[in-house]
Amino acid sequence: MVRLALVVAEFNRDITYMMEKVAEEHAEFLGAEIKYKIRVPGVFDIPLAVKKLLEKDDVDAVVTIGCVIEGETEHDEIVMHNAARKIADLTLQYDKPVTLGISGPGMTRLQAEERIDYGKRAVEAAVKMVKRLKEI
Ligand SMILES: Nc1c(NC[C@H](O)[C@H](O)[C@H](O)CO)[nH]c(=O)[nH]c1=O
Ligand SMILES: CC(=O)[C@@H](O)COP(=O)(O)O
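Everything numeric here is computed off the predicted structure, so don't read it as measured data.

Asks: I would appreciate a short explanation of the site of ligand 2 in the present structure.
Replies: The local shell around ligand 2 consists of Phe11, Ile69, Gly71, Glu72, Thr73, His75 and Asp76. In the environment of ligand 2, an oxygen atom lies 2.8 Å from a nitrogen or oxygen atom belonging to the backbone of Glu72. One nitrogen or oxygen atom from the side chain of Thr73 is found 2.5 Å from an oxygen atom belonging to ligand 2. Relative to its free-state accessible area of 330 Å², ligand 2 is covered by the protein chains to the extent of 68%. Residues of the shell around ligand 2, tallied by class, amount to two nonpolar, three polar and two charged.

Asks: Can you walk me through the UniProt feature "binding site: 5-amino-6-(D-ribitylamino)uracil" (unreviewed entry) in the chain in this structure?
Replies: Sequence positions flagged by UniProt for "binding site: 5-amino-6-(D-ribitylamino)uracil" (unreviewed entry) are, in local numbering, Phe11, Val43, Phe44, Asp45, Cys67, Val68, Ile69 and Leu100. Looking at the secondary structure, you find Asp45 in the loop between β2 (33-40) and α2 (46-54). A distance of 2.9 Å separates the side chain of Asp45 from the backbone nitrogen of Gly42, its partner in a polar contact. Relative to the helices and strands, Val68 is located in the loop between β3 (61-67) and α3 (75-94). What makes Val68 buried here is its relative accessible area of 6%. The residues touching Val68, leaving out its near neighbours within four places in the chain, are Val43, Asp76, Val79, Met80, Ile102, Ser103, Gly104, Pro105 and Met107.

Criteria and cut-off values
- Residues numbered from 1 in each chain as written.
- Chains lettered and ligands numbered in written order.
- Predicted model: local features only at pLDDT ≥ 70, side-chain atom pairs only at ≥ 80, totals over all residues.
- Heavy atoms only, no water.
- Near = heavy atom within 4 Å.
- Polar contact = N/O pair within 3.5 Å; in protein donor to acceptor, adjacent residues only side chain to side chain.
- Areas by Shrake-Rupley, 256 points an atom, 1.4 Å probe, with all protein chains shown as cover.
- Nonpolar A, V, L, I, M, F, W, Y, C, P; charged D, E, K, R; others polar.
- UniProt positions renumbered as here; feature names shortened; annotations may be inferred.
- Helix = DSSP H or I, 4+ residues; strand = E, 2+ residues; numbered from the N terminus.
- Buried < 20%, exposed > 50% of the residue type's maximum accessible area, 1.4 Å probe, protein only.
- Contact = heavy atoms within 4.5 Å.

See below:
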């Protein structure tokens, strides 16, 4: 059984809550176990939580869930690009899949509501990566 950990950003909680539930439902459908779930204030805060979870021996992969919605400035770009870069760095550093279930940047709230399935996609990718990496 694939053992997952979820890191969920609370910022835009009305949207990330739905992303979280869809992701959990898909993990159950795939027969994967969610061993840990941690909520963080926002997407920018995700990498440290990912690092702590990757250090656990009973975690095969980490799924990140969040939603970055544009404001009046380009702050959304800063949040997303830095978080995404560190997430990519961590997956290579710890040799475990860390998948990106974070929508945005440059996104309106309506566009975010249309992308609730990003968390589901990230669960799918995490399970596939764990299984396929074991084959090589
Ligand atoms: N604007 C969004 C944020 N901003 C907050 C940061 O992610 C972070 O929590 C803060 O800078 C403190 O470290 N976060 C999101 O998840 N989504 C946004 O649209
Ligand atoms: C992406 C965010 O943090 C967002 O709340 C920033 O809004 P603003 O660009 O208006 O400061």
